[in-house]
Amino acid sequence: MGKVHYHLQRSSQFYELDRFENCYQEAAEALKYDAENEEAFFLMLLALIQLKKYHEAEQIGNTAIGAHPDSDRLFYAMGVLFNQKENFGKAKDHLEAAIRINPVDSHYFVQLAKSHLHFNQKKQATALLNHSLKINPNNESALQLKSLLEQQSGTKQEAHSLADKALNLSPEDAHAHLVKATLLWKNKNFEAAESHLETAVQLEPQNQNILALWLESRTRNIPKWKTPINLIAGNSQGLIRPSLISGGFTFLVNVLLSNQVQFDNVIWIGVNLVLIPCLIFWFSRPFFKFGFLNKKFKLAFFEVANPSLPIEVLGGLNIISSIIYWISGNGLFFGISFLSTLIGTGMATIKSTDSYFPVFKNPIRTSGIVLIITILSGLVLYFLNQLSI
């Protein structure tokens, strides 16, 4: 058992140092001497979750629970895994099993609250977080998540209080700074938000969500007349408002033209004056943000600087297709403009993160997919319309 303890101790140390590959390897070594060691399974699961090797983690987790059906921490780890995989039903089942076995671990209730939130069950999530804090008033994760909930439906004072307490307990926790920053972001205090986000980026430089909001906060701190990003977005939290402004404006013009409404030169001048900020916003925004990284152009850096790129691509497509429709009168471009507005605004609304900002894991690939889908859908609508004439 000495070798088992040695490898488990090393595995635990590697996990604390964020060396997850080494953590996994040492835990696997421990299993060579004790094939059903619960702690080894647990550490392997945690490491694989951090490495985002979800399929392998699920296989090991099922084996581990088969060997230890009364292990609350294995059920908890599997709950965390399924939350990460966005299989919230399975996550909920595993976390409830962990709580039945051990109802006094406050962390279990926090993870279960996250599962409930994805079903939009905010009352249940709040009750679970309150129970978690009753067990452990200093549970940082519970404080952070409850602060985010208070930002949405509670009082600003309570949200600030919870965020500050979590930050005081863990000043070196990047997520604690992110929670505080999102609260400041929501209150349109971008300067203070940038300060916390800069600290968070230093603590977790690879966290794309944090980097995305940090870049946004930096651009919002520049006077509006100096940055195209603020010409439309202003102090809005995300991309929903600019999507609706540019989409609603171009769509209104498209509808009027399709109904044979004639515009005189004065109206067209007004249309162009409104359209210019949209053009600047959607077409220069990705490259403008990229400049904050002070890097030579590479796709990898471009993705990091522009995690909301799919919505930006659709915004640009809407404007281009509208202009072509105005010039040509071809109904195909009317359809593409309508679909790009609809899909872009929908994506901005649905894509929800802690940062109140749409962050896509593979923005360039996702942009290509939604671009193709939008154009093909527009073609289908156009030809169906032609057949009906």
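Preceding block: the structure.
Note that the coordinates shown come from a computational prediction; the quantities given were computed from them, not determined experimentally.

Visitor: I would appreciate a short explanation of the packing of helix α2 (residues 20–33) against helix α3 (residues 38–50) in the present structure.
Guide: Two measures define how a pair of helices packs: the angle their axes make with one another and the distance between the axes. One way to put it is that α2 packs onto α3 with a least axis distance of 8 Å and a crossing angle of 155°. Judged by the angle between their axes, α2 and α3 are roughly antiparallel. Classified by chirality, the crossing of α3 by α2 is left-handed. Across the interface between the two elements, Phe-20, Cys-23, Tyr-24, Ala-27, Ala-28, Ala-30 and Leu-31 of α2 pack against Ala-40, Phe-41, Leu-43, Met-44, Ala-47, Leu-48 and Gln-50 of α3. Class assignment for the residues of the contact of α2 with α3 results in 13 nonpolar, one polar and no charged.

Visitor: What exactly am I supposed to notice about a nonpolar patch on the surface here?
Guide: A surface patch of nonpolar side chains, about 360 Å² in accessible area, is lined by Ile-269, Leu-273, Ile-276 and Ile-280. Tracing the backbone shows Ile-269 in helix α16 (residues 265–290).

Visitor: Quick question: what am I supposed to make of the environment of Leu-257 here?
Guide: Mapped onto the fold, Leu-257 is located in helix α15 (residues 240–258). Between the C-alpha atoms of Leu-257 and Gly-329, which are 72 residues apart in sequence, the distance is 8.3 Å. Excluding anything up to four places from it in sequence, Leu-257 contacts Phe-263, Trp-268, Tyr-325 and Trp-326.

Visitor: Please clarify how unusual backbone geometry should be interpreted in this entry.
Guide: One can expect most non-glycine residues to show negative phi and most peptide bonds to be in trans. Positioned with a positive phi, Asp-18 is a non-glycine residue whose angle comes to about 65°. Within the element layout of this structure, Asp-18 appears in the loop between α1 (2–16) and α2. For Asp-18, a relative accessible area of 53% translates into the label exposed.

Visitor: Please explain the packing of aromatic side chains as it appears in this structure.
Guide: We describe a pair of aromatic rings using the distance from one ring centre to the other and the angle between the two ring planes. Tallied over the full model, the rule gives eight aromatic pairs. Relative to Phe-334, the ring of Phe-251 lies with its centre 5.7 Å away and its plane at 55°, an arrangement referred to as tilted. Of this pair, Phe-251 sits in helix α15 while Phe-334 is found in helix α19 (residues 331–350), placing the two residues 83 residues apart along the sequence. Look at Tyr-382 and Phe-383: their rings are 5.5 Å apart centre to centre, the planes differ by 65°, and that puts the pair in the edge-to-face class. Taken together, the ring pairs in this structure connect Phe-251, Tyr-325, Phe-334 and Phe-338 into an aromatic cluster.

Visitor: I'm lost on the side chain of Ser-115 in this one. Help?
Guide: Its location among the elements puts Ser-115 in helix α7 (residues 106–117). Those residues in contact with Ser-115 that sit more than four places away from it in its chain are Asn-83, Phe-88, Ala-91, Lys-92 and Leu-95.

Visitor: Is there a simple way to explain the environment of Ala-30 in this structure?
Guide: Within the element layout of this structure, Ala-30 appears in helix α2. With 25 residues separating them in the primary sequence, Ala-30 and His-5 have C-alpha atoms 7.6 Å apart. With residues up to four places along the chain from it excluded, the contact list for Ala-30 reads Val-4, His-7, Leu-8 and Ala-40.

Visitor: In this structure, what is going on with the nonpolar core? I would like to understand it.
Guide: Residues Leu-74 and Leu-129 are the most contacted members of the largest nonpolar core, which totals 58 residues. Leu-74 has contacts with Glu-38, Phe-41, Phe-42, Leu-45, Ala-64, Ile-65 and His-68, leaving out every residue within four places of it along the chain. Formed by 25 residues, the second largest nonpolar core is a distinct cluster that contains Val-271, Phe-281, Leu-314 and Val-370.

Visitor: I keep staring at the packing of α1 against α3 and nothing clicks. Help me out?
Guide: Viewed as axis vectors pointing N to C, α1 and α3 meet at an angle of 25°, and their least axial separation amounts to 10 Å. Relative to α3, α1 is oriented roughly parallel. You can see that α1 and α3 cross each other, and the crossing is left-handed. In contact with Leu-8, Ser-11, Ser-12 and Tyr-15 of α1, α3 contributes Glu-39, Ala-40, Leu-43, Leu-46, Ala-47 and Gln-50.

Conventions we followed
- Residues numbered from 1 in each chain as written.
- Predicted model: local features only at pLDDT ≥ 70, side-chain atom pairs only at ≥ 80, totals over all residues.
- Heavy atoms only, no water.
- Axes fitted to C-alpha atoms, helices over the stretch in contact; angles between N-to-C directions.
- Helix = DSSP H or I, 4+ residues; strand = E, 2+ residues; numbered from the N terminus.
- Parallel < 35°, antiparallel > 145°, perpendicular 65-115°, else oblique.
- Left-handed = near helix turned anticlockwise from the far one by under 90°.
- Contact = heavy atoms within 4.5 Å.
- Nonpolar A, V, L, I, M, F, W, Y, C, P; charged D, E, K, R; others polar.
- Patch = residues over 30% accessible without salt bridge, like charges linked within 9 Å, V, L, I, M, F, W, Y side chains within 5 Å.
- Areas by Shrake-Rupley, 256 points an atom, 1.4 Å probe, with all protein chains shown as cover.
- Salt bridge = Lys/Arg side-chain N within 4 Å of Asp/Glu carboxyl O.
- Buried < 20%, exposed > 50% of the residue type's maximum accessible area, 1.4 Å probe, protein only.
- Phe/Tyr/Trp six-rings, centres within 6.5 Å; stacked < 30°, edge-to-face > 60°.
- Core = buried A, V, L, I, M, F, W, Y, C linked by side-chain atoms within 4.5 Å.

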